[in-house]
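What follows is each chain in one-letter form.
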Amino acid sequence: MEWEAVIGLEIHVQLDTRSKIFSGASTKFGAEPNSQACPVDLGLPGVLPVVNAEVFKKAVAFGLGIGAEIGYRSVFDRKNYFYPDLPKGYQITQLQFPIVLGGQVEIALPDGTAKTIGVTRAHLEEDAGKSVHEDFHGMSGIDLNRAGTPLLEVVSEPDMRSAEEAVAYAKYIHQLVCYLDVSDGEMSQGSMRCDANVSIRPKGQTTLGTRTETKNVNSFRFLQRAINFEIARQIDVLEAGDSVLQDTLLYDPALDQTRPMRSKETATDYRYFPEPDLLPVVIDAAYVESIRSQLPELPHAKVSRFTAQYGLSKVDATILAAERPLADYFEQAAEICGDATLTANWVRVELTGQLNRENLAITESAVSAVQLGQLLLRIKDETISGKIAKDVFDAIWQGQGSADEIIAAKGLQQITNTVAIGPIVDEIIANNPKQVEQFRAGREKVLGFFIGQVMQATEGKANPKQVNEIVREKLKQ
Amino acid sequence: MHTKSITELLAALQGGEFSAHELTSHFLDRIRSLDPHYNSFITLLEEDALQAAFRSDQRRAKGEAPLLSGIPIVHKDIFCTQGIRTTCGSRMLHDFIAPYDATVVEKLNQAGVIVLGKSNMDEFAMGSSNETSHYGNVHNPWDLERVPGGSSGGSAVAVAARLCAAATGTDTGGSIRQPASLCGITGLKPTYGRISRWGMVAYASSLDQAGSLTRSAEDAALMLSVMAGHDPRDSTSIAAHVPHYTAELDSEVKGLRIGLCREYFEDGLDASVAACVQEGIAELEKLGATISEVSLANIKHAIPAYYVIAPAECSANLSRFDGVRYGYRCDDPDSLEDLYKRSRSEGFGREVKRRIMVGTFALSAGYYDAYYRKAQQIRRLIKNDFSSAFDSVDILVGPTAPAPAFKIGEKSEDQIAMYLQDIFTIACNLAGLPAASIPVGFVDGLPVGMQLIGNYLDEATILRVAHQFQLQTDWHGRVPATAA
């Protein structure tokens, strides 16, 4: 039988705010355990939550970014369950009246077509702390630094039909939240975690099969593997004549398989009710409009503009628009040198290569967009060759100064006048009569030998185009 | 010294009649000699209080005397006090020391009060007799075999027995007004949101309200003027102007429209208590108030609604007491579940566990609509009833408690009878309205209280009516024989 997978994702996005959603404690990653947990985060008696207004700005920006309806009156609820890393014994979240309702995103499929994925809702909630099971001699440690970190939980419709589509959707959400400064997108620090709801059904059937939920997958690679594993597992179960159980699962990357969570890690009844410590949050149209007016250009729009405005290929435009800082870098450099194609190549090849070698983000680049633009300008005006430019790029990277300073200090200007190149060519022709014979006998390839000799003699500084012309002219004499 | 009102004490301190140190020592002496009869304190702060009094005198000598400078008070042990344990009447928090002051504590400290100690209370404020405290029963100074009411029983007794000048309390369903009524003092529960809940251990967040227990309405006005005000740390606190309460006490009551809630005089009210309250109303009429009858048709649903909403909220509020981070932890847990089960089973008393169970049930899937949602609908109806009533009257007057203080142990096995103690007070919490109880007479030597219910944020009218009444009567000035 041919099977079809039905996949929906719940993505928890950590919002990039300085302080927590309901307290003034810092959200910075990597601090000493429990050093960033104030009485509110610790759930001490008598403390009260106060909403950080910043989380609403970010949630509304996200909602506008996916064309959603904004919840003008959103209500926080308590979700009750006991777990040691949940200090209050309940999580403050939004159940019935979330801040973002509906919306959709378009993803590109590998075959080049586009597909629209529906977003059901996105709601604000607080993150829990972390249980640490190693290093405590059979006991568990609790780190509450993360407790109270603001999360936006983005719930998709079950619109995806393969692990690839799910990953493409997750990647787009990641790109979007980074574009909107909603999140820092640091997957390795848990800034984005996915729960995958997976079911299968015979192809052509319209009703849904029993789904499982694989929780807390924190990389795109694991997401793909977890979903593929789960699809294959469910097919095996059904083809063996058994039924899929509606389970909550964990993906184990080491074993590359999913396994059911212990029942203690799940609860059947969360006993939601409205959080009495917080009033409903009411926002107005003016607030939403002020956020809309500050929205940056979104990824799809940027790709379209890059192809139209700069004549870039869709592939180049997509790569350059992947991250806002990279796109901004490209545009700034291109404007200085006036050649978008040249800039696109340099950013994609030289710059990205160097960043990858040193494992740096674009924002950490040792060569600024202005510096690269000025360097490329010198290729454009033929002060240096592309080959020499690579050496200059390395020198800028090492902090030796701007392109012009390095070119001047090292005397790297191309030798562009005939008067300077002529005598060198004459000398080489005189010293290589055999090759001259060969050329004159019709062996055009020998031309390369002469050009190489000239370039060597000028330490690469001669303008290759000019050398070509002069050599050709003099050999014909 | 101990019979003086706050106003009189402030004048005496300012006039050099006695020092804050002398005043504090006097109250501490009384507590040491008398409180063994009452058990109204959980924690006594003798050293801290004397030092604070000493500093208060020094500051006064330098001309620094904030509003309540040198006035010895007591905090209900539900308010967190930095560096001093806060038990909330529970074994669960026997050793809990908060690293912060409640806003109420902070504001009163800034106003210069001397804190003598922390008062006994029903465990987590759940009870109407102070019998659910882990720290023992509190005895009513008018009859030591009787309860003081609850949950702010310790605060009520400390004020009634003149062991302090005033006390703080909290009122979720009547926990200030009912003990005030049973102990013959003045108890004020302001509008929900008038006083910050920051640092006040939560029982039922949408109903909990801090207030005061005092000898008189005038003292209550002084306390409220310090305690009231918006607090950015409490999202439910109201950003409204705080009037000059003491300045408004002297306006006369003439022409004031008083409403009598018909339903308050029907079922469940002791006839002798009804007679006292009627006399009190007649007194107000003599002062020129006009009396009319109003109906609050849905008030009969108040107790059932309350006993869904309050337990529901408490079931979540008390989840944090899990033995993991602070508070009581059972010995040698063999698993996480065992840790939870035994810490909570051993750390909480029966009434607390009963309400957690009721609340957990009411919020369960499949029951939410039938209980919690229905209770919230009733709550709205009760609010609407009050709103309509306040279209035609300025204040509502009625009984506070259905009967005078009952004997210790008399109702502790009968929850329904105990819950009916709050039949006249609970509706105000559901509606969020301000209300006070003031002494209005005695039945068989036991005090009886009259309840005054005001419109939203109109504590000033309540206090004014109470003060004008107290200028004509001396019920509030009577001292129990055990405290003489």
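All of these numbers come straight from a predicted model, not from anything done at the bench.

### Section: the overall build of chain B
Within chain B, the regular secondary structure consists of 15 helices and 11 strands. Against the 2.2 N^0.38 benchmark of 23 Å for 484 residues, chain B shows a C-alpha radius of gyration of 21 Å, consistent with a compact globule. Over its C-alpha atoms, taken along the principal directions, chain B stretches across nearly 65 × 55 × 45 Å. For chain B, the residues scored as buried account for 64% of the 484 residues in total. Within chain B, contacts between residues separated by at least 24 positions form 76% of all contacts whose residues are at least 6 apart in sequence. Accessible area for chain B stands at about 16,100 Å²; split by element, carbon and sulfur atoms hold 51% of it. Taking the average location of the 44 positive side-chain charges in chain B and that of its 57 negative ones, the two points are 3 Å from each other.

### Describing the overall build of chain A
Within chain A one finds 16 helices and 17 strands. Relative to the 2.2 N^0.38 estimate, which gives 23 Å for 477 residues, the radius of gyration of chain A is 30 Å and therefore markedly larger than a compact globule would have. Expressed along its principal axes, the backbone C-alpha trace of chain A runs to roughly 95 × 55 × 55 Å. When burial is assessed residue by residue, chain A has 51% of its 477 residues classed as buried. Nonlocal contacts in chain A, meaning residues at least 24 apart in sequence, comprise 70% of its contacts between residues at least 6 apart. Across chain A, the mean location of the 48 positive side-chain charges is 3 Å away from that of the 64 negative side-chain charges.

### With respect to the sheet that holds strand β16 (residues 273-274) of chain A
Overall, antiparallel pairing links the three strands, which are arranged β5-β4-β16 (chain A) in an open sheet. Each edge of the sheet is formed by a strand with only one pairing partner; in this case those strands are β5 (90-93) and β16 of chain A. Of the pairings in the sheet, the one linking strand β4 (residues 77-80) of chain A to β5 of chain A comprises four bridges and is antiparallel in character. Bridge assignment links Arg78 of chain A to a residue of β5 of chain A, and that residue is Ile92 of chain A. In this fold helix α9 (residues 302-317) of chain B packs onto β4, β5 and β16 of chain A, with an angle of close to 60 degrees to the strand it touches most, β4 of chain A.

### Some remarks on the sheet that holds strand β8 (residues 290-294) of chain B
Residue and element names in this part refer to chain B. If you trace the 11 strands from one edge of the open sheet to the other, you get β1-β3-β2-β4-β6-β5-β10-β11-β9-β7-β8, paired in mixed fashion. One side of each edge strand has no neighbouring strand; the edge strands of this open sheet are β1 (41-44) and β8. Between one strand axis and the next, the sheet turns by 30 degrees as a mean value, whatever way the strands run.

### Here's the deal with helix α9 (residues 340-357) of chain A
Residue and element names in this part refer to chain A. Over its 18 residues, α9 extends 24 Å from the first C-alpha to the last, a length consistent with the 26 Å expected when each residue adds 1.5 Å. Taking the largest bend as the criterion, α9 deviates by roughly 35 degrees, centred on Val347. Along α9, the positions that sit buried rather than exposed are Ala340, Leu342, Thr343, Ala344, Trp346, Val347, Glu350, Leu351, Gly353, Gln354 and Leu355. At its buried positions, α9 is contacted by α6 (299-310), α7 (314-320), α8 (324-337), α10 (369-380) and α11 (386-397).

### Comments concerning the side chain of Arg30 of chain B
All names here are of chain B. Along the polypeptide, Arg30 turns up in helix α2 (residues 20-38). Among the polar contacts made by the side chain of Arg30, one reaches the main-chain carbonyl oxygen of Ala161 at a distance of 2.9 Å. In this structure the side chain of Arg30 is engaged in a polar contact, spanning 2.7 Å, whose partner is the backbone oxygen of Ala483. Every residue in contact with Arg30, bar those within four places of it in the chain, is listed here: His2, Asp35, Ala161, Arg162, Leu163 and Ala483.

### Some remarks on the environment of Leu351 of chain A
Residue and element names in this part refer to chain A. Mapping Leu351 onto the fold places it in helix α9. Remark: the alpha-carbon pair of Leu351 and Trp397, spanning 46 residues in sequence, is separated by 9.8 Å. Contacts of Leu351, omitting those with residues within four sequence positions, involve Tyr329, Trp346, Ile362, Ser365, Phe393 and Trp397.

### Some thoughts on the interface of chain B and chain A
The partner chain A presents 31 residues to the 39 residues of chain B that form the contact. Between chain B and chain A the total buried area reaches about 2,800 Å² when both faces are included, carbon and sulfur atoms providing 60% of it. It is Ser235, Arg320 and Arg325 of chain B that lose the most area in chain B upon contact with chain A, and together they represent 21% of the buried surface on that side. At the surface where chain B touches chain A, the tally comes to one salt bridge. Of the charged contacts in the structure, one is a salt bridge between Asp277 of chain A and Arg197 of chain B, with a shortest N-O distance of 3.0 Å. Linking chain B to chain A there are 14 residue pairs in polar contact (both at pLDDT 80 or more).

### Thoughts on the packing of aromatic side chains
As enumerated under the stated definition, the model contains 28 aromatic pairs over all chains in all. Here the aromatic cluster, defined as three or more aromatic residues joined through ring pairs, consists of Phe96, Phe124, Phe321, Tyr326 and Phe348 of chain B. Between the NZ or CZ atom of Lys79 of chain A and the centre of the ring of Tyr270 of chain A, over which it lies, the distance is 4.3 Å. Here the basic side chain of Lys411 of chain B rests over the ring of Phe406 of chain B, its NZ or CZ set 5.0 Å away from the ring centre.

### Focus: the packing of α9 of chain B against helix α11 (residues 350-362) of chain B
Residue and element names in this part refer to chain B. Here α9 crosses α11 at 100 degrees, and the two axes come no closer than 7 Å. Taken together, the axis directions place α9 and α11 in an arrangement best described as roughly perpendicular. Between α9, through Tyr306, Tyr307, Val308, Pro311, Ala312, Cys314 and Ser315, and α11, the contact on the second element is made entirely by Arg355, Ile356, Val358, Gly359, Thr360 and Ala362. For the contact of α9 with α11, the residue count by class is nine nonpolar, three polar and one charged.

### Observations regarding the domain arrangement of chain A
Partitioning chain A into structural domains gives domain 1 (3-288), domain 2 (297-410) and domain 3 (418-476). Placing a centre on the C-alpha atoms of domain 2 of chain A and another on those of domain 3 of chain A gives a separation of 33 Å.

### Overview of unusual backbone geometry
Going from Gly150 of chain B to Ser151 of chain B, the amide bond is cis rather than trans, its omega being 10 degrees. Its location among the elements puts Ser151 of chain B in the loop between β3 (114-119) and α5 (153-160). Of note in this structure, Asn216 of chain A is not a glycine but carries a positive phi near 60 degrees. Counting through the fold element by element, Asn216 of chain A comes out in strand β13 (residues 212-217). One non-glycine residue, Asp444 of chain B, adopts positive backbone phi at about 50 degrees. Looking at the secondary structure, you find Asp444 of chain B in the loop between β10 (435-443) and β11 (446-454).

### Things to note about the side chain of Asp322 of chain B
Residue and element names in this part refer to chain B. For Asp322, the position within the fold is in the loop between α9 and α10 (336-347). When its relative accessible area of 1% is taken as the criterion, Asp322 is described as buried. A polar contact is formed between the side chain of Asp322 and the backbone nitrogen of Val324, at a distance of 2.9 Å. For Asp322, the side chain forms a polar contact with the side chain of Arg325, separated by 3.4 Å.

### Some thoughts on the nonpolar core
By size, the foremost hydrophobic cluster in this structure holds 160 residues, and its most contacted members are Leu68, Phe124, Phe386 and Met450 of chain B. Per element, the largest residue contribution to this core is nine residues, and it comes from α9 of chain B. The residues touching Phe386 of chain B, leaving out its near neighbours within four places in the chain, are Leu296, Ile299, Leu396, Ala427, Cys428, Ala431, Leu433 and Ile453 of chain B. Counting residues in hydrophobic clusters, the runner-up holds 72 residues, among them Ile7, Tyr172, Val177 and Ile283 of chain A.

### Some points on the pattern of salt bridges
Per the stated rule, a full pass over the model turns up 51 salt bridges over all chains. Across the pair Lys215 of chain A and Glu213 of chain A runs a salt bridge whose closest N-O atoms are separated by 3.4 Å. The partner of Asp231 of chain B in a salt bridge is Arg233 of chain B, with the nearest N and O atoms 3.5 Å apart. The exposure class assigned to Arg233 of chain B is partly exposed, which follows from its relative accessible area of 27%. Within this structure, Arg78, Glu275 and Asp277 of chain A together with Arg197 and Asp234 of chain B form a network of salt bridges that share partners.

What counts, and where the lines are drawn
Residues numbered from 1 in each chain as written. Chains lettered and ligands numbered in written order. Predicted model: local features only at pLDDT ≥ 70, side-chain atom pairs only at ≥ 80, totals over all residues. Heavy atoms only, no water. Helix = DSSP H or I, 4+ residues; strand = E, 2+ residues; numbered from the N terminus. Rg over C-alpha atoms; globule rule 2.2 N^0.38 Å. Buried < 20%, exposed > 50% of the residue type's maximum accessible area, 1.4 Å probe, protein only. Contact = heavy atoms within 4.5 Å. Areas by Shrake-Rupley, 256 points an atom, 1.4 Å probe, with all protein chains shown as cover. Lys, Arg positive; Asp, Glu negative; His and termini not counted. Charge placed at Lys NZ, Arg CZ, Asp CG, Glu CD. Pairing = 2+ DSSP bridges. Axes fitted to C-alpha atoms, helices over the stretch in contact; angles between N-to-C directions. Expected span 1.5 Å × (residues − 1). Bend = angle between axes of the 7 residues up to and from the residue. Polar contact = N/O pair within 3.5 Å; in protein donor to acceptor, adjacent residues only side chain to side chain. Buried area = accessible area lost by both parts, 1.4 Å probe. Salt bridge = Lys/Arg side-chain N within 4 Å of Asp/Glu carboxyl O. Phe/Tyr/Trp six-rings, centres within 6.5 Å; stacked < 30°, edge-to-face > 60°. Lys NZ or Arg CZ within 6 Å of the ring centre and 35° of its normal. Parallel < 35°, antiparallel > 145°, perpendicular 65-115°, else oblique. Nonpolar A, V, L, I, M, F, W, Y, C, P; charged D, E, K, R; others polar. Domains from an automatic or database assignment. Core = buried A, V, L, I, M, F, W, Y, C linked by side-chain atoms within 4.5 Å.

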